[in-house]
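Letter by letter, the chains look like this.
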Amino acid sequence: MAKRSGQHSRRTAAQMHALAAVRQEIGSQDPAQGRVYLREFAEQFRDYDSVLSREELQQRIEAASTVLIGDYHALPACQRFAAELIESCARERRVVLGVEAVLARDQRILDAWWRREIAEAELRRRLRFDREWGYQWEPFYALLCTARDHAEGLYALDCMPREDLRRIRARDRHAAAKISEIRERHPEAAIFVLFGESHLAPQHLPRTTKELLPEESTLTVLQNVDALYWRAVAQHATAVSIGKDAVCVFNSSPLEKYESYRLCLDGWNAAADSIPDFAPAIYNLVFSLSRSLGFRLDSPRNGTQPKYLTDLLPEVVALDEYPHNPDSQLEEKSCAYLADANLFVIKEFQMAEAAEECSRFLYSACRGMVRLPVSAQPIEDALARFGSRLLCPESEVKDRTPTLGDSLYETYLAGKISLPALRRVFLSRLGTREKTLEILADLQYLARS
């Protein structure tokens, strides 16, 4: 038991460091967090029955005639999951999609786009998407395109007022009525609904839908519920079962969820034409990684600590702000740390890749910002991957051979590598090629311990 507890602590410590700071900032900006309706959702989903394989999850979805998908609006991974689900299920049966993000009053505008009578820009403008919804357009539009390509219908489900939580249950009743209308129009199709996660507590939208469609076989598919994530991550679960009517899938960490929401809050509070400010998210990752490894932020000398780490923090810019063109680094990546300029360039904020680049920065800072020899690239790559797994433990190896960094992380989880040993690797002076190869050999030995 103690061994498992130690592994859980090592697996979650870095992310919990980072998460605490984000939650504190969100709590100061969003007073709605404690409302009864939102608490009802959180209280319903604190435990699960069993881990589901991909095949078992697919079977549960295929058995349902209506699938209610929980959406954390600020997290693009949620909309991408819905799009992937629509595309895969459409290969086997007829499907339709209903979305909360569009008001039912604007169904005719959605229909015009569906018939290809208007283009993307006009759709966005006429829906007043940025004013009425305010979350990222690109992942939502990709979902709409997937529905147009693979589904037989696309429907708007929501109604006003959106900002008044005292009226939120009326929106559930309105959405259930719209779902009932969809069933009349498409009696043979599977209905997929993407709606905000808090609406999917059993006593919210699922109950009102059941009252109107008692014969419907309805499955609630949640995404990345916090309380379930912290248990499931220790079991390497990608999906879990919550009774007979609900499941939860995991495609992002709580840290990624809340960082995405913080970016939305920053955007809403900024000027309309301002560029996203990714610096707080990057600095939070750097500080959390450093603290979890036992590095101080204010050490006056290099040796057992990086010297004045806070003074070395890199500049962070969005790709649109960067005057040069780092295409080679960003062709397949969402962000890049450019060590020569001590600069982060971000195309899109994706947690696992951002954490990896933060690890590259930390390694550079520990070495006194000295240029990395080519022969030492495998060391940096291993530490970068290790740091990414430390902050994003769910970003496991998929469809490729585990790297040295993955092996190092798994050995760390097993308690076979101490924090002082890891710090020594970060702080090691490379010097000659022979010294570099010696450090690489030591790293490989640690990973096999």
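Look up a bit, the structure's there.
Figured I'd write up the structure that's included with this text.

The rules we used
Residues numbered from 1 in each chain as written. Predicted model: local features only at pLDDT ≥ 70, side-chain atom pairs only at ≥ 80, totals over all residues. Heavy atoms only, no water. Helix = DSSP H or I, 4+ residues; strand = E, 2+ residues; numbered from the N terminus. Buried < 20%, exposed > 50% of the residue type's maximum accessible area, 1.4 Å probe, protein only. Contact = heavy atoms within 4.5 Å. Axes fitted to C-alpha atoms, helices over the stretch in contact; angles between N-to-C directions. Parallel < 35°, antiparallel > 145°, perpendicular 65-115°, else oblique. Nonpolar A, V, L, I, M, F, W, Y, C, P; charged D, E, K, R; others polar. Core = buried A, V, L, I, M, F, W, Y, C linked by side-chain atoms within 4.5 Å. Patch = residues over 30% accessible without salt bridge, like charges linked within 9 Å, V, L, I, M, F, W, Y side chains within 5 Å. Areas by Shrake-Rupley, 256 points an atom, 1.4 Å probe, with all protein chains shown as cover. Salt bridge = Lys/Arg side-chain N within 4 Å of Asp/Glu carboxyl O. Lys, Arg positive; Asp, Glu negative; His and termini not counted. Charge placed at Lys NZ, Arg CZ, Asp CG, Glu CD.

Thoughts on the environment of Leu85
Among the structural elements, Leu85 can be located in helix α4 (residues 76–90). On the accessibility criterion, Leu85 (5% relative accessible area) is buried. It is 9.8 Å that separates the C-alpha atoms of Leu85 and Ile69, two residues lying 16 residues apart in sequence. If near-sequence neighbours (up to four positions away) are discounted, Leu85 is found in contact with Ile61, Ile69 and Phe192.

With respect to the packing of helix α17 (residues 404–413) against helix α19 (residues 433–448)
It is at 8 Å that the axes of α17 and α19 come closest, and there the two elements cross at 50°. Comparing their axes, α19 and α17 come out oblique. Counted together, Leu404, Ser407, Leu408 and Thr411 of α17 and Leu440, Leu443, Gln444, Leu446 and Ala447 of α19 form the full contact between these two elements. Across the contact of α17 with α19, the residue classes tally to 6 nonpolar, 3 polar and no charged.

A word on the nonpolar core
With 145 residues, the main nonpolar core has Leu123 and Phe192 as its most contacted residues. Counting residues in each nonpolar core, the second largest holds 7 residues, with Val317, Tyr322, Ala336 and Val345 among its members.

Topic: a negative patch on the surface
Where like charges cluster on the molecular surface, the negative patch consists of Asp277, Glu315, Asp320 and Glu321. Of note, Glu315 is situated in strand β9 (residues 315–318).

Here's the deal with the pattern of salt bridges
Throughout the structure, instances matching the rule amount to 35 salt bridges. One salt bridge connects Asp226 with Arg23, and the closest N-O pair in it is separated by 3.0 Å. Taken as a pair, Asp226 in helix α11 (residues 226–232) and Arg23 in helix α1 (residues 2–29) lie far apart in primary sequence, 203 residues in all. The shortest N-O distance in the salt bridge between Glu132 and Arg105 comes to 2.9 Å. Here the residue Glu132 occupies a position in helix α7 (residues 129–132), and Arg105 occupies one in the loop between β3 (95–103) and α5 (107–114), the gap between them amounting to 27 residues. If you follow the salt bridges from partner to partner, you end up with Lys333, Glu356, Glu357, Arg360, Glu380 and Asp381 in one network.

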